[in-house]
Amino acid sequence: MKRTITILALLVIQLTYSQTKNKTADALFDKMYYVEAAKSYELSINNGDASKEILQKLGDAYYFNTRMSSASKWYGKLISEYPNEVSAEYLFRYAQSLQGIQNYELAKKWMKAFAEKQKSTDARAKNFSLKNVTLEDIENIKPSFLLENLDINSAYSDFGPM
């Protein structure tokens, strides 16, 4: 009986501590203290709380602090553990963080997933379809204008204040 009460008391203390830890991390995040918030969220994950909300906020803390390597790590874990529950915004942030670490092929895959999930309601999804144009495509465009020097130009660099 005493053993059961002791175990229950320890569980209650553990739950209370983890909730307090997340409240602290959330307060830091809300104040935009992203570095401190990230440390606090990582402690929560190390203590076994890898919920969707914690992974989102941890990824966001690194994303908003432009630590794209860490952001892509946590967004990747978020998407792999909660594939059907993740909003399109997190697919976009994951793709952006992958671009930030120069993993362009994987970033393109996730931008495509973002565009499919977002449909046509977001300008970022529409703009992604335009990114399929390559540099070679642009170089192969036939010129529609002709540049010529005018007789009023001199052999030097001409500059006028007006």
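Structural data are supplied above this passage.
Residues numbered from 1 in each chain as written. Predicted model: local features only at pLDDT ≥ 70, side-chain atom pairs only at ≥ 80, totals over all residues. Heavy atoms only, no water.

A.B. asks: What is the right way to read the overall build of the protein chain from this model?
C.D. replies: Helix and strand counts for the protein chain come out as eight helices and zero strands. Moving toward the C terminus, one meets the helices and strands of the protein chain in the order α-α-α-α-α-α-α-α. Classification of the 162 residues of the protein chain by burial places 29% in the buried group. Taking as baseline every contact in the protein chain between residues at least 6 positions apart, the subset at least 24 positions apart corresponds to 39%. About 12,000 Å² of surface is accessible on the protein chain, with carbon and sulfur atoms providing 56% of the total. (Helix = DSSP H or I, 4+ residues; strand = E, 2+ residues; numbered from the N terminus. Buried < 20%, exposed > 50% of the residue type's maximum accessible area, 1.4 Å probe, protein only. Contact = heavy atoms within 4.5 Å. Areas by Shrake-Rupley, 256 points an atom, 1.4 Å probe, with all protein chains shown as cover.)

A.B. asks: How should helix α4 (residues 68-81) be read in this particular structure?
C.D. replies: Two residues of an α-helix separated by three or four positions point the same way, owing to the 3.6 residues in each turn. The end-to-end C-alpha distance of α4, which contains 14 residues, comes to 20 Å, matching closely the 20 Å that a straight helix rising 1.5 Å per residue would cover. All buried positions along α4 are accounted for by M68, S70, A71, S72, W74, Y75, L78 and I79. The inward-facing, buried residues of α4 abut α2 (34-46), α3 (52-64), α5 (88-100) and α6 (104-118). (Expected span 1.5 Å × (residues − 1).)

A.B. asks: Please explain the nonpolar core as it appears in this structure.
C.D. replies: Soluble, globular proteins show a tendency: their nonpolar side chains are buried together. Grouped together as the largest cluster of nonpolar side chains are 32 residues, with contacts concentrated most on Y41, L58, Y75, L78 and W110. Sorting the residues of this core by element identifies α1 (2-30), α2, α3, α4, α5 and α6 as the ones contributing at least two each. What Y41 contacts, discounting residues up to four positions off in sequence, is A25, D26, F29, I54, K57 and L58. (Core = buried A, V, L, I, M, F, W, Y, C linked by side-chain atoms within 4.5 Å.)

A.B. asks: Sorry if this is basic, but what is going on with α5 here?
C.D. replies: Relative to the 18 Å expected for 13 residues at 1.5 Å per residue, α5 spans 18 Å between its end C-alpha atoms, a close match to the ideal helical length. All of the buried residues in α5 are A88, Y90, L91, F92, R93, Y94, A95, S97 and L98. Following α5 by one or two positions, Q102 has its phi on the positive side, about 65 degrees.

A.B. asks: What is the right way to read the side chain of D60 from this model?
C.D. replies: Mapped onto the secondary structure, D60 falls in helix α3. We classify D60 as buried; its relative accessible area is 5%. Look past the residues within four positions of D60 in its chain and what remains in contact with it is F29, Y75, Y90 and R93.

A.B. asks: How should the packing of α2 against α3 be read in this particular structure?
C.D. replies: For the pair α2 and α3, interaxial distance at closest approach is 9 Å and the crossing angle is 150 degrees. Taken together, the axes of α2 and α3 lie roughly antiparallel to each other. The handedness of the crossing between α2 and α3 is left-handed. Only I54, L55, K57, L58, A61, Y62 and F64 of α3 make contact with α2, whose side of the interface consists of Y34, A38, Y41, E42, S44 and I45. Residue classes in the contact of α2 with α3 are distributed as 10 nonpolar, one polar and two charged. (Axes fitted to C-alpha atoms, helices over the stretch in contact; angles between N-to-C directions. Parallel < 35°, antiparallel > 145°, perpendicular 65-115°, else oblique. Left-handed = near helix turned anticlockwise from the far one by under 90°. Nonpolar A, V, L, I, M, F, W, Y, C, P; charged D, E, K, R; others polar.)

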